[in-house]
Amino acid sequence: MIEHAHRLLLVSSAAYLALQPTNAATTFRSLAFGFSALFALIIALAALTGRGERIPSPGKAILAALLAWCAWDAASWFWSVNPAYTAGELRREVAWSLMAMAAFYVASRDADAWRTQIGATLGSFALLAALAVGLAASPEGWNAARWHVGVGAFSTYLVLVAPLLLTLLAPAPAGFGGTPRAAAVALILLALLVVAARLADNRMVWIALAVVFATASALAALRWHRALRRAPLRWLAPLLALLVVLGLLFAQTARDKAAAHFPPHTSVAETFARDPRLQLWDRTSELIAQRPWAGYGFGKSILADELRRDLQLPELSHAHNVFMSQWLQTGAVGLAAFVALLAALAARYLSFLRSSDDALAFLGVIGLALVAGFVAKNLTDDFLFRSNGKEFWALNAALLGFGLRRRNAAPSG
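Everything quoted here is computed from the prediction, not taken from an experiment.

Q: A description of the overall build of the protein should follow, citing residues and the corresponding values.
A: A count of helical and extended segments in the protein gives 17 helices and zero strands. For 413 residues, the compact-globule estimate of 2.2 N^0.38 gives 22 Å, and the C-alpha radius of gyration of the protein, at 21 Å, lies within 12% of that figure. Counting only C-alpha atoms, the protein reaches 60 × 55 × 40 Å along its principal axes. Of all intrachain contacts in the protein linking residues separated by at least 6 positions in sequence, the fraction that spans at least 24 positions is 75%. Roughly 18,200 Å² of accessible area belongs to the protein as shown, and the carbon and sulfur atoms make up 68% of that amount.

Rendered as structure tokens:
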């Protein structure tokens, strides 16, 4: 019975990860999410009653920070300037995110489960990116709002997927073998990633991708420094080439946006100086100063009407920075809890990286690159929201679930 529940949880959670990036299959995604939560609950209850395998704790630091952040978010309903909106966002962004975290944490019981979930994510990415490229080349054209909520959400999704490409270069059990065939697939997916990011026409995606790959490479070089000394060009040449490509594409995207949204002959530097987000951040800082400790109530767009009215720009309905957004919503206390949660995740991944077990260390590399890339992408926006937020928490839960089981089976030396 419990083994059947584990298998069904793995199927439903993998399907959920595959469907999460698109808004074209909401019914099937909801079903996958519901079944994942149900089977995870069955397995958790079996573990509590001694009829199933023990589920390891993610650790006091992560649990304390997560519970503090969620509890303070929930408490903000009492002083929210829009209690009805806050209640709805608490359900969508806190309750459902907690369910997703629990389901993926329980599902990642071993290497096969981990690779199944990551394989489903990479397969879905390959299909969706190829579809975007194909539609962009067709007369119909590609509409990110139709397939992926919008270009911002789609570009953030690409940043979340980027660290997972490394699994194609790593051997089992954490990766897919590191064979020449897997390396060829990694190159194809990397090319799709770059082309899809260019379609998104987003400047920050290039910086975030550079952060992902630079972080992963630096950590891998630190962890496997002997291999780096033996073959430095093998490690450094691909990274440098990739960073050059990302830098050139960032410059091209910045020039294209300047030409599209500013008067002729406006320099790229001037477009940054005239970015409306600078005015938005000034106004957001003023609003934060009025309620610095408790904020205005949980919900990314809690002050959407005020910001639109003050700035006369309909697209600027929230803080466009994940940390300012947390501060605006839930005050300094909520921001501190959120930062503590990110720090606890990073500390856990750092402990993985220091392990003598290469597979566990590799999971630490992926986890730190994932957090670093997501933070970088959200310095000029806030996509800890809906599909991107669920994917971020689900991937972290899967990493922790497999990593802690691996650590408990083979303690670091």
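Q: Outline a nonpolar patch on the surface, supporting the account with residue identities and numerical values.
A: A surface patch of nonpolar side chains, about 410 Å² in accessible area, is lined by Phe 28, Leu 31, Phe 35 and Leu 38. Tracing the backbone through its elements, the reader meets Phe 28 in helix α2 (residues 26-48). On the accessibility criterion, Phe 28 (58% relative accessible area) is exposed.

Q: Tell me about the pattern of salt bridges, residues and numbers included.
A: Under the counting rule described, the total for this entry stands at 18 salt bridges. In this structure, Glu 3 and Arg 109 form a salt bridge, with 3.1 Å as the shortest nitrogen-oxygen distance. Of this pair, Glu 3 sits in helix α1 (residues 2-19) while Arg 109 sits in the loop between α4 (83-107) and α5 (111-137), and the two are 106 residues apart along the sequence. What makes Glu 3 partly exposed here is its relative accessible area of 39%. Put simply, Asp 275 and Arg 203 hold a salt bridge, and the shortest N to O gap is 3.2 Å. Within this pair, whereas Asp 275 is found in the loop between α12 (268-273) and α13 (276-290), its partner Arg 203 is found in helix α9 (residues 203-223), the two being separated by 72 residues in sequence.

Q: Run through the packing of aromatic side chains, naming residues and quoting values.
A: Counted under the stated rule, the structure contains 16 aromatic pairs. On the basis of an interplanar angle of 55° and a centroid distance of 6.4 Å, the ring pair of Phe 33 and Trp 96 is categorised as tilted. A residue pair is termed long-range when its members are at least 10 positions apart, and Phe 33 in helix α2 and Trp 96 in helix α4 qualify at 63 residues. In this structure Phe 33 comes out as buried when scored by relative accessible area, which is 13%.

Q: Lay out helix α7 (residues 151-161) with the relevant residues and their values.
A: With ten of eleven residues buried, α7 is to be regarded as a mostly interior element. Here α7 has its buried residues at Gly 152, Ala 153, Phe 154, Ser 155, Thr 156, Tyr 157, Leu 158, Val 159, Leu 160 and Val 161. Buried residues belonging to α7 abut α5, α6 (144-148), α8 (180-200), α9, α16 (358-377) and α17 (386-409).

Q: Describe empty space enclosed by the protein, with residues and values.
A: In the structure shown here, the tally under the stated rule is three cavities of 30 Å³ or more. Of the volumes computed, that of the largest cavity is approximately 120 Å³. Residue lining of the largest cavity: 14 residues in total, with Glu 93, Phe 298, Gln 326, Leu 384 and Phe 385 positioned closest to the centre. Looking at the lining of the largest cavity element by element, the count peaks at three residues for α4. Broken down by class, the residue content of the lining of the largest cavity amounts to five nonpolar, five polar and four charged. Roughly 50 Å³ of internal volume is contained in the second largest cavity. In terms of lining, the second largest cavity is formed by Pro 21, His 148, Ala 153, Phe 154, Tyr 157, Leu 160, Ser 387, Asn 388 and Glu 391. Listed by contribution, the elements that provide at least two residues to the lining of the second largest cavity are α7 and α17.

Q: Before we move on, could you go through the packing of α9 against α16 and cite the residues and values that matter?
A: Angle between the axes and distance between the axes are the two parameters that describe a pair of packed helices. Viewed as axis vectors pointing N to C, α9 and α16 meet at an angle of 155°, and their least axial separation amounts to 8 Å. Relative to α16, the element α9 lies roughly antiparallel. The two elements α9 and α16 cross, and the hand of that crossing is right-handed. Across the interface between the two elements, Met 204, Val 205, Ala 208, Val 211, Val 212, Thr 215, Ala 216, Leu 219, Ala 220 and Arg 223 of α9 pack against Asp 358, Ala 361, Val 365, Leu 368, Ala 369, Ala 372, Gly 373, Ala 376 and Lys 377 of α16.

Q: Give me α13: which residues, what numbers.
A: Over its 15 residues, α13 runs 22 Å from end to end, which matches the ideal 21 Å to within 8%, given 1.5 Å per residue. Listing the buried residues of α13 in full gives Arg 277, Leu 280, Thr 284, Leu 287 and Ile 288. Seen end-on, α13 carries its buried residues on one side only, within an arc spanning 100°. Projecting away from the buried face of α13 at angles above 90 degrees are the exposed residues Asp 282, Ala 289 and Gln 290. The secondary structure elements touched by the buried residues of α13 are α9, α14 (304-311) and α15 (322-353).

Q: Account for the packing of α5 against α8, with residues named and values stated.
A: Look at α5 against α8: their axes get within 9 Å of each other, and the N-to-C directions meet at 50°. Of the possible angle classes, the one that applies to α5 and α8 is oblique. Here the hand of the crossing between α5 and α8 comes out left-handed. Contacts between α5 and α8 involve Leu 122, Phe 125, Ala 126, Ala 129, Ala 130, Ala 132, Val 133 and Ala 136 from the former and Leu 189, Leu 192, Leu 193, Val 195, Ala 196 and Leu 199 from the latter. In terms of residue class, the contact of α5 with α8 is built from 14 nonpolar, no polar and no charged.

Q: Lay out the side chain of Ser 80 in plain terms, naming residues and giving numbers.
A: Position of Ser 80 among the secondary structure elements: in the loop between α3 (60-75) and α4. Of note is the side chain of Ser 80, whose polar atom sits 3.0 Å from the backbone nitrogen of Asn 82. Aside from chain neighbours lying at most four places away, what touches Ser 80 is Thr 86, Tyr 296, Gly 297 and Ile 302.

Here is what the cut-offs are and how they apply
Residues numbered from 1 in each chain as written. Predicted model: local features only at pLDDT ≥ 70, side-chain atom pairs only at ≥ 80, totals over all residues. Heavy atoms only, no water. Helix = DSSP H or I, 4+ residues; strand = E, 2+ residues; numbered from the N terminus. Rg over C-alpha atoms; globule rule 2.2 N^0.38 Å. Contact = heavy atoms within 4.5 Å. Areas by Shrake-Rupley, 256 points an atom, 1.4 Å probe, with all protein chains shown as cover. Patch = residues over 30% accessible without salt bridge, like charges linked within 9 Å, V, L, I, M, F, W, Y side chains within 5 Å. Salt bridge = Lys/Arg side-chain N within 4 Å of Asp/Glu carboxyl O. Buried < 20%, exposed > 50% of the residue type's maximum accessible area, 1.4 Å probe, protein only. Phe/Tyr/Trp six-rings, centres within 6.5 Å; stacked < 30°, edge-to-face > 60°. 1 Å grid on protein atoms, 1.4 Å probe; cavity = no way out; pocket = protein on both sides within 12 Å on 5 of 7 lines; lining within 4 Å. Points joined across faces, edges and corners; volume = space filled by probe spheres on them. Nonpolar A, V, L, I, M, F, W, Y, C, P; charged D, E, K, R; others polar. Axes fitted to C-alpha atoms, helices over the stretch in contact; angles between N-to-C directions. Parallel < 35°, antiparallel > 145°, perpendicular 65-115°, else oblique. Left-handed = near helix turned anticlockwise from the far one by under 90°. Expected span 1.5 Å × (residues − 1). Arc of directions from axis to C-beta. Polar contact = N/O pair within 3.5 Å; in protein donor to acceptor, adjacent residues only side chain to side chain.

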